[in-house]
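# Architecture at a glance
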Amino acid sequence: MAKLILSMENMVLKEIPLAKERMTIGRKPHNDIQIDNLAISGEHAVVVTILNDSFLEDLHSTNGTFINGHSVEKHFLQNGDVIELGKYRIKYVNEVPQQAAAPADFEKTMVLRPDMARQTADQIENKGMGDTQVGFKGPPPAAAAASAPAVAPPTLAPAARR
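Right, let's walk through the structure included here. This one's a predicted model, so the numbers in the text were calculated from it and none came from an experiment.

### Considerations on the overall build of the protein
Summing up its helical and strand segments, the protein has three helices and 11 strands in all. Along the chain direction, N to C, the helices and strands of the protein fall in the order β-β-β-β-β-β-β-β-β-β-β-α-α-α. Classification of the 162 residues of the protein by burial places 27% in the buried group. Put simply, of all contacts in the protein between residues at least 6 apart along the chain, 29% involve residues at least 24 apart.

### Brief notes about the side chain of Ser54
With respect to the helices and strands, Ser54 occurs in strand β6 (residues 53–58). On the basis of relative accessible area, Ser54 is assigned to the buried category, the value being 0%. At 3.3 Å, the side chain of Ser54 forms a polar contact with the side chain of Tyr92. Those residues in contact with Ser54 that sit more than four places away from it in its chain are Leu18, Val47, Val48, Thr49, His75, Phe76, Leu77 and Tyr92.

### Observations concerning the pairing of strand β5 (residues 45–50)
Sheet topology places strand β3 (residues 22–26) next to β5; four bridges connect them, and they run antiparallel. Bridge pairing in β5 links Thr24 to Val46. Here β5 pairs with β6 via six bridges, running antiparallel. The partner of Val46 across the bridge, within β6, is Glu57. Between β5 and β6, which follow one another and run antiparallel, lie two residues, and Leu51 among them has a positive phi close to 55°.

### A look at the packing of aromatic side chains
This structure, assessed with the given rule, holds one aromatic pair. On the basis of an interplanar angle of 50° and a centroid distance of 5.3 Å, the ring pair of Phe55 and Phe76 is categorised as tilted. Taken together, the residues Phe55 in strand β6 and Phe76 in strand β9 (residues 74–76) connect sequence positions 21 residues apart. Look at Phe55 and you get partly exposed, because its relative accessible area is 36%.

### Topic: the sheet that holds strand β8 (residues 70–72)
Taken in spatial order, the six strands make up an open sheet running β2-β1-β11-β10-β7-β8, and their pairing is antiparallel. In this open sheet, the two edge strands, each paired with only one partner strand, are β2 (11–17) and β8. Averaged over all pairs of adjacent strands, the angle between strand axes in this sheet comes to 30°, irrespective of strand direction. As defined by bridge partners, strand β7 (residues 65–67) adjoins strand β10 (residues 82–85) across two bridges and the pair is classed as antiparallel. Within β10, the residue paired with Phe66 across the bridge is Glu84.

### Comments concerning the nonpolar core
Core analysis: the biggest nonpolar cluster contains 21 residues, and Leu4, Ile35, Leu56, Ile83 and Ile90 have the highest contact counts within it. Mapped onto this core, the elements with two or more residues apiece are β1 (3–8), β3, β5, β10 and β11 (88–93). When residues of this core are assigned to their parent elements, the largest contribution, three residues, is made by β11. Dropping the residues within four chain positions of it, Ile90 is found in contact with Leu4, Ile5, Leu6, Ile25, Ile35, Asp81, Val82, Ile83 and Leu85.

Here is what the cut-offs are and how they apply
Residues numbered from 1 in each chain as written. Predicted model: local features only at pLDDT ≥ 70, side-chain atom pairs only at ≥ 80, totals over all residues. Heavy atoms only, no water. Helix = DSSP H or I, 4+ residues; strand = E, 2+ residues; numbered from the N terminus. Buried < 20%, exposed > 50% of the residue type's maximum accessible area, 1.4 Å probe, protein only. Contact = heavy atoms within 4.5 Å. Polar contact = N/O pair within 3.5 Å; in protein donor to acceptor, adjacent residues only side chain to side chain. Pairing = 2+ DSSP bridges. Phe/Tyr/Trp six-rings, centres within 6.5 Å; stacked < 30°, edge-to-face > 60°. Axes fitted to C-alpha atoms, helices over the stretch in contact; angles between N-to-C directions. Core = buried A, V, L, I, M, F, W, Y, C linked by side-chain atoms within 4.5 Å.

Quick look at the structure:
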C-alpha cells in the first residue's frame, strides 16, 4: 500500500497510509492530512488513489503545490516523488511498483484482430452452444415471426342507433 511521509527540515513528522480513495491536504481540521501552517491553504491539495496508482491535484491553493521542484496542478505520483507545500515535504512511497501490477492485468486480456474475431465467432457457432451463450443458433427472426400465432385486430361493435 502506498503512503505519504510528512516531514519538515529533514525531521519526519508523520507517516500516512493512503487507505482511502481520496485524501485531502490542508490547514483546516476537516482535511485528512492537516498541516497547521499559514503557508498552507485551508484546502490545499488532494491525493486520489485508484488501485496502485495515485494522483495529486492542487486545489487552487494560494502558494501552489510543487513536486520535485516543479509547480503542478495535476500529477501522476511515482515512487520517491517529493510534494512540497511551503516548508513541508511529503514523500510519496509506493511499496508496489506500477510495473509489477501491469503484467498481471495484461495477461488476463486477450487481443483479437478483426479477422480472428470472425473466425472465433464461427468456431463458437459450430459447437452448438446453448441459447444463453454467444453461439446460439435459433430460427432466423423472420421465421420466428412467421411461426408466431397471428392476433386478430379488435372488432368494433356497431354504433347503437337512436
